[in-house]
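Residue-level structure breakdown
Chain by chain, the residues:
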Amino acid sequence: MNGMFRSLAIYNYRLWAGGAIVSNIGTWMQRTAQDWLVLTQLTRHNATALGVVIALQFAPQLLLLPLTGFAADHFDRRKLLMVTQAALGILALGLGVLTVTGWVQLWHVYVFAFLLGAAAAFDTPARQTFVSDLVGEADLSNAVALNSTSFNAARMIGPAVAGGLIAIIGTGWVFLLNAASFIAVLGALLLLRTGELHASLRAPRSRGGLAEGFRYIWQRPDLRMGMLMFFLIGTFGLNFPIFISTMSVTIFHAGANQYGFLTSTMAIGSIAGALLAARREKPNIALLCVGAAIFGSGLALAAVMPDYLLFSVMLVIIGMSAQTFTTTASSLVQLSTEPAMRGRVMAILLAIALGGTPIGSPVVGWVADRFGPRWALGIGALAGVGAAIIGVYFLARYRHLRIGRVDGRIRCSFDDSEFTVVQRVRPNPDADLPSGRG
């Protein structure tokens, strides 16, 4: 199988993708139900409380950073994922039972959000780098993009399904259905052909592993640039639960079905962005800048949309640009990082992108409560434009960005020779480093 879906020709990746999309649909159902539970059942449309929930869910990305990257680089990733996925399923089951029985309180949601975040902090870098164990280097960028496509297809389906189920059977049963969905991904992990996994060198077990990861990033201007761009957008721009829920409830006075539809609408754009990324042979920094600029502009336009329909149209553009940015950044980092360092570098990237959420979410939630949701969207817009400016500065300083007029049109060009794809080094049985299939 060639082209956009070529990674699906690999048995292990195809099996993993099948299990992952079922689990991802359940996860998006739970996220929608959790936001709706906090915003409409446990509080009176309190965006600050929702911001606290989101902050607690992403705080472990920073708090556990010394451990999560180490685990992804040193442990068998397949076994690690089985543990983290099982933990996420058990936590979904616990919150579901509390909600169905009517015992749930706001502080329960806070506790479960933190515990879910702790499990996800170990799961995410392992899941991101596990892709390189499922496919070869030549298909890594394609597989990363297809992973994003699957994730956002689930984002389109899950919230829409959750909105209908919340209205029919209630939020608690949505949590229980999510718990059941983890059976699919656990089954896929058990059925993988371990002999066909692409073995990768594991990092030596030594102290200072995380510090080594930071030193590695600091020596690379391209990685420093990507981390700073991701921090701005991740901290202030990717607060979609707050943006969409507050606009839906307080501006457009919509119900659960309409709220779920808005989240699904944005996922349509995300899927388009991921599929376009899957077609590209190689990601590039210019695309990263374009994605950030369109993302910021899209949020600015969404902030002034007068009605529900026009707002939903803008969400498609926001979803496409956000996905273009995140997929390109993830592919660039993985392809330009040494295999033995990938786990730590990806953990740092995710900690910066998602760990900034505990800072940004309460701020964005407070702005939404104090000044209105439209002003909260404006903060995200400024973050996107700021990230684009940082990317352009990097191109001008390190890649000799040139802007000129050719045939009456303004053209931009830059030197891309510094970007190299790191080739996988096959494990040497006589080497000191232990090898493993991940």
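Note that the structure is a prediction, hence the values are computed from the model and not measured.

**Let's talk about the overall build of the protein**
Helix and strand counts for the protein come out as 16 helices and 4 strands. Evaluated residue by residue, the protein yields a buried proportion of 55% over its 438 residues. At a minimum sequence separation of 6, the contacts of the protein that also span at least 24 residues come to 85%. When the accessible area of the protein is evaluated, it comes to approximately 18,000 Å², of which 66% is carbon and sulfur surface.

**Brief notes about the side chain of D123**
Relative to the helices and strands, D123 is located in helix α5 (residues 106–134). A distance of 2.8 Å separates polar atoms of two side chains, one belonging to D123 and the other to Q85. When near neighbours in sequence (up to four residues on either side) are disregarded, D123 contacts L81, T84, Q85 and L88.

**Examining the packing of helix α4 (residues 77–100) against α5**
It is at 9 Å that the axes of α4 and α5 come closest, and there the two elements cross at 155°. In terms of orientation, α4 and α5 fall into the roughly antiparallel class. Between α4 and α5 lies a crossing of left-handed hand. Looking at the contact of α4 with α5 residue by residue, the class counts come to 15 nonpolar, 6 polar and 5 charged.

**Focus on the packing of aromatic side chains**
Summed over the entire model, instances satisfying the criterion amount to 8 aromatic pairs. Three or more aromatic residues joined by ring pairs make a cluster, and in this case those are F252, F261, Y308 and F311. Between R31 and the ring centre of W28, over which it is positioned, the NZ or CZ distance is 4.7 Å. A cation sits over an aromatic face here: R224 above W218, 4.9 Å from the ring centre.

**Brief notes about the environment of A143**
Of note, A143 is situated in helix α6 (residues 140–168). Residues A143 and Y13 lie 130 residues apart in sequence; the distance between their C-alpha atoms is 8.1 Å.

**A closer look at the packing of helix α1 (residues 11–42) against helix α2 (residues 47–63)**
As a packed pair, α1 and α2 sit with axes 8 Å apart at the nearest point and diverge in direction by 145°. When you trace α1 past α2, the crossing you get is right-handed. Contact residues: α1 offers Q34, D35, V38 and L39, while α2 offers A47, A49, L50, V53 and Q57.

**Regarding the nonpolar core**
Y13, W16, L134, M229, F240, F311 and I318 are the most contacted members of the largest nonpolar core, which totals 107 residues. Take this core: its biggest share by element is 12 residues, from α1. Taken domain by domain, this core gets at least three of its residues from each of domain 1 (1–196) and domain 2 (208–423). Not counting residues within four places of it along the chain, the set of residues in contact with L134 comprises I10, N12, Y13, W16, L192, L197 and H198.

**Some details on the environment of R6**
Within the secondary structure, R6 sits in the segment before α1. Among the residues examined, R6 registers a relative accessible area of 12% and is labelled buried. In this structure, the C-alpha to C-alpha distance between R6 and R279, residues 273 residues apart in sequence, is 9.8 Å.

**Concerning unusual backbone geometry**
Backbone geometry places H45, a non-glycine residue, at a positive phi of 55°. Following the sequence through the fold, H45 ends up in the loop between α1 and α2. On the basis of relative accessibility, which here comes to 40%, the residue H45 falls in the partly exposed class. Although it is not a glycine, H253 adopts a positive phi angle of roughly 50°. Among the secondary structure elements, H253 is positioned in the loop between α10 (240–251) and α11 (256–279). A relative accessible area of 63% places H253 in the exposed class.

Calculation rules
Residues numbered from 1 in each chain as written. Predicted model: local features only at pLDDT ≥ 70, side-chain atom pairs only at ≥ 80, totals over all residues. Heavy atoms only, no water. Helix = DSSP H or I, 4+ residues; strand = E, 2+ residues; numbered from the N terminus. Buried < 20%, exposed > 50% of the residue type's maximum accessible area, 1.4 Å probe, protein only. Contact = heavy atoms within 4.5 Å. Areas by Shrake-Rupley, 256 points an atom, 1.4 Å probe, with all protein chains shown as cover. Polar contact = N/O pair within 3.5 Å; in protein donor to acceptor, adjacent residues only side chain to side chain. Axes fitted to C-alpha atoms, helices over the stretch in contact; angles between N-to-C directions. Parallel < 35°, antiparallel > 145°, perpendicular 65-115°, else oblique. Left-handed = near helix turned anticlockwise from the far one by under 90°. Nonpolar A, V, L, I, M, F, W, Y, C, P; charged D, E, K, R; others polar. Phe/Tyr/Trp six-rings, centres within 6.5 Å; stacked < 30°, edge-to-face > 60°. Lys NZ or Arg CZ within 6 Å of the ring centre and 35° of its normal. Core = buried A, V, L, I, M, F, W, Y, C linked by side-chain atoms within 4.5 Å. Domains from an automatic or database assignment.

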